[in-house]
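The primary structure of each chain is shown beneath.
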Amino acid sequence: MNRRAMMRAKGLHWFRFALAVASVVVFAYAVIYIATPFSDFLNNFLSNFFTVFAALLSAVAATLVWWRYEKGEPPRRIWQWFMTALWLWTIAELIWAYQNMTLEEVPTGWPDVFWVFAYILFGAALYRQFILLYHPDPASARRRLFYALLLFAAFTALSAFFFSFITGQPLGLDTLVNAFYPVGDFGIGLAGLWLARRFRNGALAYAWIGLFVFCISDLLYTWLDLSGAYSWSLSHGNSLSAIADITYLIAYLIVALGCFTQWLILNYGPIFKKEPHEP
Amino acid sequence: MFDLFSSLSVRNKEVANSYLQTLLKIQERELFTGVLHVQNGEKSQAVMFFREGVLFAFYTLVGRQWLSVSRQDWNHELTQTEGNVRVLALPVEGLRIFRLFLELERNEEHTFISINADKIPAKIADWEQSDSPSLVHVRQGETQAFFVILGGPSLPLESLLIGSERFQSGSAVLTQIKSWGNRACYVTRLPTNLESVGGNEYVLRVAFSSLAQRTLERYQELAGRFLVTHLNDAINYLNEQNRQSMYFLGTNVNHREFFMDSEQAGRVYKILLEKMYEEMSLVVGSEIAGRIFEDALASTSPRLRRQLETYVLAGIPFPIKLEVKP
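Numbering of residues starts from 1 in every chain and runs along the sequence as written. Written order determines the labels here, with chains lettered from A and ligands numbered from 1. Given that the model is predicted, a residue must reach a pLDDT of at least 70 before its local features are reported, and side-chain atom pairs must reach 80 or more before they are shown or counted; all residues, however, enter totals for whole chains, interfaces and linings. To get the side-chain values, all heavy atoms of the structure are used, and hydrogens and water are removed first.

A look at the interface of chain B and chain A
Cut-off, in case you're wondering: Contacts are assigned to residue pairs that have any heavy atoms within 4.5 Å of one another. Two parts lose some accessible area (1.4 Å probe) when they are put together, and adding that loss for both gives the buried area. In what follows, salt bridge is the name for a side-chain nitrogen of Lys or Arg lying within 4 Å of a carboxyl oxygen of Asp or Glu. Any pair of N or O atoms that falls within 3.5 Å is considered a polar contact. Within protein, one atom must be able to donate a hydrogen and the other to accept it, and sequence-neighbouring residues count only if both atoms are side-chain atoms. Only runs of H or I of at least four residues qualify as helices and only runs of E of at least two qualify as strands under DSSP, and these elements are numbered from the N terminus. Just so you know the grouping, Ala, Val, Leu, Ile, Met, Phe, Trp, Tyr, Cys and Pro go in nonpolar, Asp, Glu, Lys and Arg go in charged, and all remaining residues, Gly too, go in polar.
With 24 residues of chain B in contact, the opposing surface of chain A contributes 31 residues. Of the roughly 2500 Å² buried at the junction of chain B and chain A (both faces included), carbon and sulfur atoms supply 52%. The tally of links between chain B and chain A comes to three salt bridges. We note a salt bridge from Glu287(B) to Arg198(A), for which the minimum N-O separation is 3.1 Å. Between chain B and chain A we count 13 residue pairs in polar contact (both at pLDDT 80 or more) in total. Elements that contribute at least two residues to the side of chain B that touches chain A include exactly helix 6 (197-223), helix 7 (225-241), helix 8 (262-284) and helix 9 (286-298) of chain B. Class assignment for the residues of the side of chain B that touches chain A results in ten nonpolar, five polar and nine charged.

Here is the structure:
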């Protein structure tokens, strides 16, 4: 076996290990969520723990990629934003988990500050990737960014009015934050999908695919939450909330796997490819 | 008339054919790289090119022109060759430059001037700005320098300096010449269209190196240095397997291979570009890998692009838009 084949085998080994860890986490989470084998407190603690753990894995994996790029390399700037956004989500998940354990209902507050700010950083990462790919002239890039932000603000405002109208709640910070999430998921998810398609079949698509999957899962969660279906499902032991929560955890793990695979490729080269003479 | 070999100050030895055969064996044993020139008075002249002891090119002077002898006729030619032998060790880069000088028709127009050494870099820069390619030979005492000027902005200048005991190549040659100060030098400029077999191959090599370098630079910008190193490893491994003396390091191409003609070179370059595309596709996807090549090709000078389109890119199995179809 030549050196390249050995490197690839090592990379594949680590990928399989990561896949096994992710599968164990999903399985354990699903068992705890559906079968509730322990006391209420322990079940709640463990399900919160696994969500925070999955978010932490994604942030650590993104940090590894950022670390692997040298100072001054253009992809490092993309990963700087991507990594910071994932750390903010991890902090948000941690605060939310704590509040979920100690309060009866988690109000709009600190976790949302981190979640919302993370969307802005994901936007920055997407923007940097776009600039790096297409090298548009700066004026045109700024114009596009301005229109995208304008569109984003308009859709958020429209959604806020819509939610306020259908739920009968007054138009306040709460509604605005709740309206922001689906628009953010939709915008970031679409941009991630667009980038993943540009990089199709390429390793650089993995992280963007992860982000897209996460946004879709979050969109599902937000829709269930806002429509009241989530709390109804929880109180009636319906599987809808389980699907939403397990998908949410899986989405974090997909982001983590996407980032970790990119790190493996940076270390061991393209790991999913065989040399012509390899068995 | 410019005569390359009469100006060379290398050791001479009158040999009979039987000794020539022994001499060839010695070169083989000593892994000699360079040229062996045999002159039988005014009757005949022959030049043999060696790389690591292997004879790989044979030229004879027919009339006023050096012609390549086909491989199947080498044995016959070797039994006929005898005379005054000059042996000149050269690096591969030197062999390539030497072949260009050799293939020039000896009755072509040329400019001969005598100027101070420190004025030569400016003179060369002037000639680089003109659109017509040329070969330049500089002589100062026992030392000689050779330059290949492709003509046109941002095209590389290749140079070789042969001193009494050492060679130099690259930008160090002009620096060395400048350091001679106001010593008088004889400078011969030989205009050429570089359309000989060697000339064509030379332009193709420059074109390939330029395309590969631009491609690697853009790939590095998108994917980072580590993945460029992985691509280099893949290419270097392939070259090693195919016994090609080419080495990719970062975004640079160290090309030490000597190809007999553009067709042979084109086949090798095509394989390398396909491999680069395959490796890049695994990282940035096939669409962007194709675009990287297209952008690199678009930023290559039209002359080099035509050469690539004729010998390398036609029929390449990945999407790349061509301007000129052969």
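Text resumes after the structure shown.
A look at the nonpolar core
When a protein is soluble and globular, its nonpolar side chains tend to lie buried together. Operational definition: The set of buried Ala, Val, Leu, Ile, Met, Phe, Trp, Tyr and Cys residues whose side-chain atoms join them within 4.5 Å is what this entry labels a nonpolar core. Three labels apply to residues, based on accessible area from a 1.4 Å probe with only protein chains included: buried if under 20% of the type maximum, exposed if over 50%, partly exposed otherwise in between.
If you look at the biggest cluster of nonpolar residues, it comprises 143 residues, and the most contacted ones within it are Trp79(A), Phe82(A), Trp208(A), Cys259(A), Phe49(B), Tyr219(B) and Val284(B). Apart from the residues lying within four places of it in its own chain, the contact partners of Val284(B) are Arg198(A), Phe199(A), Gly202(A), Leu204(A), Tyr219(B), Leu222(B), Ala289(B) and Ile292(B). Ile124(B), Phe147(B), Leu161(B) and Leu174(B) belong to the second-largest nonpolar core, a separate cluster that totals 17 residues.

Here we look at the layout of surface pockets
Residue and element names in this part refer to chain A. Quick reminder of the rule: Both site types are read off a 1 Å grid over the protein atoms alone. A 1.4 Å probe that fits but cannot get out defines a cavity, while an open set with protein on both sides within 12 Å along at least five of seven lines defines a pocket; lining residues have an atom within 4 Å of a point. Grid points are joined across faces, edges and corners, and a volume is the space filled by probe spheres set on the points.
Taken as a whole, the second largest pocket spans an internal volume of roughly 1000 Å³. If you go around the second largest pocket, you meet 26 residues; those closest to its centre are Ala-148, Phe-152, Gly-187, Ile-188 and Ala-191. For the lining of the second largest pocket, the secondary-structure elements that each account for two or more residues are helix 4 (110-134), helix 5 (138-167) and helix 6 (173-198). The greatest single-element share of the lining of the second largest pocket, amounting to ten residues, is contributed by helix 6.

Focus on the environment of Gln72(B)
Residue and element names in this part refer to chain B. Mapped onto the secondary structure, Gln-72 falls in the loop between strand 5 (65-68) and helix 2 (74-80). In this structure Gln-72 comes out as exposed when scored by relative accessible area, which is 66%. For the pair formed by Gln-72 and Gln-213, sequence separation is 141 residues and the distance between their alpha carbons is 37 Å.

Concerning the environment of Leu23(B)
Residues and elements named next belong to chain B. Structurally, Leu-23 can be placed in helix 1 (residues 17-29). As a C-alpha pair, Leu-23 and Val-87 span 64 residues in sequence and 10.0 Å in three-dimensional space. Dropping the residues within four chain positions of it, Leu-23 is found in contact with Leu-36 and Val-85.

Re a nonpolar patch on the surface
All names here are of chain A. To keep it simple, the criterion reads: Exposure above 30% relative accessible area and the lack of any salt bridge qualify a residue for a patch; like charges then connect within 9 Å, and the nonpolar side chains Val, Leu, Ile, Met, Phe, Trp and Tyr within 5 Å. A 1.4 Å probe and the Shrake-Rupley method give the accessible areas. Residues count as covered only by the protein chains that appear here.
Together, Phe-38, Phe-41, Leu-42, Phe-45 and Phe-49 make up an exposed nonpolar region whose accessible area comes to about 490 Å². Within the fold, Phe-49 resides in helix 2 (residues 40-68). A relative accessible area of 40% means that Phe-49 is categorised as partly exposed.

Quick word on the confidence of the model for chain B
Here is the rule: How sure the predictor is of each residue is captured by pLDDT, a score from 0 to 100.
On average, residues of chain B carry a pLDDT of 84, and 90% of them reach 70 or more. Within chain B, strand 1 (residues 12-15) of chain B has the poorest average pLDDT of any element, 63, and strand 13 (residues 246-249) of chain B the best, 94.

Focus on unusual backbone geometry
Residues and elements named next belong to chain B. One non-glycine residue, Leu-194, adopts positive backbone phi at about 50°. Looking at where Leu-194 falls in the secondary structure, it is placed in the loop between strand 12 (184-191) and helix 6. By relative accessible area, Leu-194 is classed as buried at 4%. Non-glycine residue Arg-243 carries a positive phi angle of around 55°. You can see Arg-243 is positioned in the loop between helix 7 and strand 13.

Things to note about the pairing of strand 2 (residues 34-40) of chain B
Residues and elements named next belong to chain B. Convention followed: In this description, strands pair whenever DSSP reports at least two bridges between them.
Most of strand 2 sits out of view: five of its seven residues are buried. Where strand 2 and strand 3 (residues 44-51) come together, seven bridges link them in antiparallel fashion. Residue pairing in the sheet places Gln-39 in a bridge with Gln-45 of strand 3. What sits between the antiparallel neighbours strand 2 and strand 3 is a turn of three residues, in which Gly-41 has the positive phi angle 55°. Pairing analysis gives six bridges linking strand 2 to strand 6 (residues 83-89), with the strands arranged antiparallel. Within strand 6, the position partnered with Leu-36 by the bridge is Val-87.

A short note on the pattern of salt bridges
Applying the stated criterion to the full structure yields ten salt bridges over all chains. Linking Glu93(B) and Arg256(B) is a salt bridge whose minimum nitrogen-to-oxygen distance equals 3.3 Å. One end of the pair, Glu93(B), is in helix 3 (residues 92-103); the other, Arg256(B), is in the loop between strand 14 (252-255) and helix 8, and 163 residues separate them in sequence. Owing to a relative accessible area of 34%, Arg256(B) belongs among the partly exposed residues under this scheme. Across the pair Lys275(B) and Glu279(B) runs a salt bridge, and its minimum N-O distance is 3.8 Å. Residue Lys275(B) and its partner Glu279(B) are both found in helix 8; the two are separated by four residues, about one turn of the helix. For Glu279(B), a relative accessible area of 2% gives the class buried. Each of Arg198(A), Arg200(A) and Glu287(B) takes part in one network of salt bridges that share partners.

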